[in-house]
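Read off the chains here:
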Amino acid sequence: MNDFQDRDSVHQVVFRWDGNHGRQGTGMNAVAHSCEAGRAEELGRELGPLLWVSGAAAARPSVVRTLSRDGDVLLVQRWPTTDRGGRPSTVSHVLVGDRGTLPPARCLGLAYGGWRKQERAEQESGRLTKFDLTDLHDLSRGRLPGMVERLPEIERALILAGAELLRDPRQRVSLLLEEKTPERWPDPAMVPLAYLGLFLIFGSWLDTEWTFATYDTVDSHPLRLMSVPHWEPDAGGSGPLARVVGRRPATVQFEHRAAAQLVAHLLAHPQAAPGVPQLVKELPDGAALNWERRRDRLRKILGPDRQERGRSRERAGEREQERDRAQERDRPRELDLAGQPAGPTITTDPYPEAPYQEASYAEAPYPETYTEPYREAPYADPYGQPYPPPSPAPPQPPHTPAPAPAPAPSPNGHDPHDAHALHLKLCGYRRGDGDGSRRSYLMAELRMQSDELLLHELRSSDLPAESVELVLDELGGPGRVEDRDPQTRHELCAEVLRKRLYFKPEEPSPEDTSKTALAIRAAHLFTWAVAPVARDPRHFAQLSKVLNLMSQSTDVAASTWLQRSIIRPDSDQIPDLPPELWRQLLLNALNRDGRQPAAPQPPRPVQAPTASPPQRTDVASDPGGIPDRLFIGSLLVLGAVLVVLVLMLIA
């Protein structure tokens, strides 16, 4: 229809409950419209169930993007309301345009906050004017940069949903919006961010229109992307459906690792055109292939040899720029009229701030100098078996473990190929490699791994300090710490104590890191990995060694560690140490203060908990079952230790 092809404006229609008026239909009528009444009624019939959001969880606004039968884009903003009888209902404002006036990125920018007030939509009636496209363009354009900046906040959703689309590009995707939002997962207000991230990764590669509902109570609509608060049985009438929950998958598959690398690439190049080059340029027909062929092609595209070539191009470019700068410095300078060396011509603004261009979301050539991610390299040693030590290498180049026998099944349920490939990447990582994208790729891949695999990496002696830092950062993430099972907590605590918190105050620090920074990192590590289980007798011996080392050291960094982990931790939670260890800290503090306390009896070894003997009835106890004298004594010991340690640090 010609009147729907105006590039300066789009049609608008308002749908509200208006009664059947003796006609067959739902009673959800076009009460206001800029197009012909017949066209508005036709659109209402096509939208059908999308004009209703019902159920107990329906009381929130949402936006839908879908297509009409003749190919027009319908962008629907919906609000919960009540009809004239006080019953729950929905009011909708619909924009009608073509793919050029309402492209996916613009629609997602509009969905992130909407474009019309509910009060106005509830009052509209009769004939409307067309909606000025300039207002929509400016509104969306102003939101998109901020949306892109927030993409790291929903990284897990991008990885898990992206993995499903890589495995089967035909699938619809349904995100579960739980009452307690998981880490790096969108809440209802952030759903448009997740959809934007997926659009920027896949672009036109999926070869289908980007339709979505930012919120609904059912995921049975024929839309590409949906988000719901709960899942009902799916009859499959709208095609294959992937339901994605915001938790780490029980088994990490190839598609998860591939998606993690593509997400890392997006976050490293956020202003690029939609569709990462690994898909739209190097695998343009990938969506039409079967999964086995698509997976094999992706393995070759996301390969370490490709990444190394990318880094080589970057280094060559840096060397060429340095030569150009050297030649510029050595070139004889011409003199200006005042006899001074002539400088470069200065524009009015020497550092012009380029305005945000929505064209960056249109089809445009992608920069060729991107750093490509890893591929699983040939390997031979299985995960779960000791890794061979890294072979000695000439100065600087990253080392890699020596080849070993062919891989065997992993005891932890991980693919030995994948686990060893990750190990190789960690062994080869060095801080400062490339432009930081390599770190982003590794962090994204680590987030998909289980605690067991990451703990195995910590136990390896092959990893450089930079990679150990990455693994610890991931293990200390809020989502992991809260969900970790008790056995893994104890295993992790034991490993961290065995490595003395990866901090030795008596040794010099690396050139690029201060001792104070290392002490603060070690204190943070103690807070989340050791303190929660410090009372357990299994850790007494190792914990005693670490505390003795720190409290006897004269290094300022050790005092910093004591301050940030024992006296005033960032969590404001004083660690629950056994009384023997508080006594040890107190004795060391008194000795450092120059006093000579009477030689104490050596602390009795801590026994594993046994059945409690019958309580004496003549000893008064507090509500928790601890005798008053022991409770008061513990408080006095704790207070004395804190006072002395504070005096020690001040001195």
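Residues numbered from 1 in each chain as written. Predicted model: local features only at pLDDT ≥ 70, side-chain atom pairs only at ≥ 80, totals over all residues. Heavy atoms only, no water.

S.K.: Requested: an account of the pattern of salt bridges, with residues and values cited.
M.R.: The tally for this structure, following the rule as stated, stands at 34 salt bridges. With its nearest N and O atoms 3.2 Å apart, the salt bridge here joins Asp 473 to Arg 521. In this pair, Asp 473 sits in helix H14 (residues 465–475) while Arg 521 sits in helix H17 (residues 515–530), placing the two residues 48 residues apart along the sequence. Take Asp 473: its relative accessible area is 31%, and that puts it in the partly exposed class. Overall, the relative accessible area of 36% leaves Arg 521 in the partly exposed class. Because the salt bridges share partners, they merge into one network encompassing Glu 155, Glu 183, Arg 184, Arg 248, Arg 447, Asp 451, Glu 474, Arg 480 and Arg 484. (Salt bridge = Lys/Arg side-chain N within 4 Å of Asp/Glu carboxyl O. Helix = DSSP H or I, 4+ residues; strand = E, 2+ residues; numbered from the N terminus. Buried < 20%, exposed > 50% of the residue type's maximum accessible area, 1.4 Å probe, protein only.)

S.K.: Give a description of the nonpolar core that names residues and reports values.
M.R.: Residues Leu 166, Phe 202 and Leu 279 are the most contacted members of the largest nonpolar core, which totals 70 residues. Looking at this core, the element that brings in the most residues is helix H6 (residues 191–202), giving ten residues. Excluding its chain neighbours within four sequence positions, the residues that come into contact with Leu 166 are Phe 202, Trp 205, Glu 255, Ala 258, Ala 259, Leu 262, Leu 279, Trp 291, Arg 294 and Leu 298. The next biggest cluster of nonpolar side chains, apart from the first, holds 50 residues, and it includes Cys 427, Val 471, Phe 540 and Val 546. (Core = buried A, V, L, I, M, F, W, Y, C linked by side-chain atoms within 4.5 Å. Contact = heavy atoms within 4.5 Å.)

S.K.: Talk me through the pairing of strand S2 (residues 28–33); I want residue IDs and the actual numbers.
M.R.: Counting buried positions along S2 yields six of six residues, so the element is predominantly enclosed. Here five bridges tie strand S1 (residues 9–17) to S2, and the two strands are oriented antiparallel to one another. Bridge assignment links Val 13 to a residue of S2, and that residue is His 33. Note: S2 against strand S6 (residues 126–127), two bridges, orientation parallel. Paired with Ala 32 across the bridge in S6 is Gly 126. (Pairing = 2+ DSSP bridges.)

S.K.: Mind laying out the packing of helix H18 (residues 540–552) against helix H19 (residues 556–567), listing which residues take part and the relevant values?
M.R.: Two elements in contact, H18 and H19, have axes separated by 8 Å at closest approach and are oriented at 125°. By the angle between their axes, H18 is oblique relative to H19. Contacts between H18 and H19 involve Leu 547, Met 550 and Ser 551 from the former and Ala 558, Trp 561, Leu 562 and Ile 566 from the latter. Looking at the contact of H18 with H19 residue by residue, the classes come out as six nonpolar, one polar and no charged. (Axes fitted to C-alpha atoms, helices over the stretch in contact; angles between N-to-C directions. Parallel < 35°, antiparallel > 145°, perpendicular 65-115°, else oblique. Nonpolar A, V, L, I, M, F, W, Y, C, P; charged D, E, K, R; others polar.)

S.K.: Can you break down the environment of Phe 199 residue by residue, with the values?
M.R.: Mapped onto the elements, Phe 199 comes out in helix H6. What makes Phe 199 buried here is its relative accessible area of 8%. Once the C-alpha coordinates of Phe 199 and Ala 105 are considered, the two residues, 94 residues apart in sequence, prove to be 7.8 Å apart. Phe 199 has contacts with Pro 104, Ala 105, Leu 108, Trp 210, Pro 274 and Gly 275, leaving out every residue within four places of it along the chain.

S.K.: Would you mind going over unusual backbone geometry in detail, with residue names and values included?
M.R.: The residue Arg 184 is not glycine, and still its phi comes out positive at about 55°. Locating Arg 184 in the fold gives a position in the loop between strand S8 (172–176) and H6. Looking at Arg 184, the relative accessible area reads 24%, which means it is partly exposed. Phi at Asp 207 is positive, roughly 60°, even though this residue is not glycine. Turning to its location among the elements, Asp 207 is positioned in the loop between H6 and strand S9 (212–213).

S.K.: So what about the environment of Glu 42? Which residues, and what values?
M.R.: With respect to the secondary-structure elements, Glu 42 resides in helix H1 (residues 37–47). We classify Glu 42 as partly exposed; its relative accessible area is 30%. A C-alpha to C-alpha distance of 9.6 Å links Glu 42 and Ala 30, two positions twelve residues apart in sequence.

S.K.: I'd like a rundown of the packing of aromatic side chains, residues and numbers included.
M.R.: Here a ring pair, both rings aromatic, is described through the centre-centre distance and the interplanar angle of the planes. Applying the stated criterion to the full structure yields six aromatic pairs. On the numbers, 6.3 Å between centres and 45° between planes, the contact of Phe 254 with Trp 291 is tilted. Here Phe 254, found in helix H7 (residues 254–268), pairs with Trp 291, found in helix H9 (residues 291–301); they are 37 residues apart in sequence, far enough to count as distant. Pair check on accessibility: Phe 254 and Trp 291 agree, each one buried. Between Phe 526 and Trp 561, the aromatic rings sit 5.2 Å apart at their centres with planes inclined by 80°, giving edge-to-face as the arrangement. Residue Phe 526 is found in helix H17, and its partner Trp 561 is found in helix H19; the two are separated by 35 residues along the sequence. Summarising the burial analysis for this pair, Phe 526 and Trp 561 share the class buried. In this arrangement the basic side chain of Arg 60 is found over the ring face of Tyr 215, its NZ or CZ atom lying 5.4 Å from the centre. (Phe/Tyr/Trp six-rings, centres within 6.5 Å; stacked < 30°, edge-to-face > 60°. Lys NZ or Arg CZ within 6 Å of the ring centre and 35° of its normal.)

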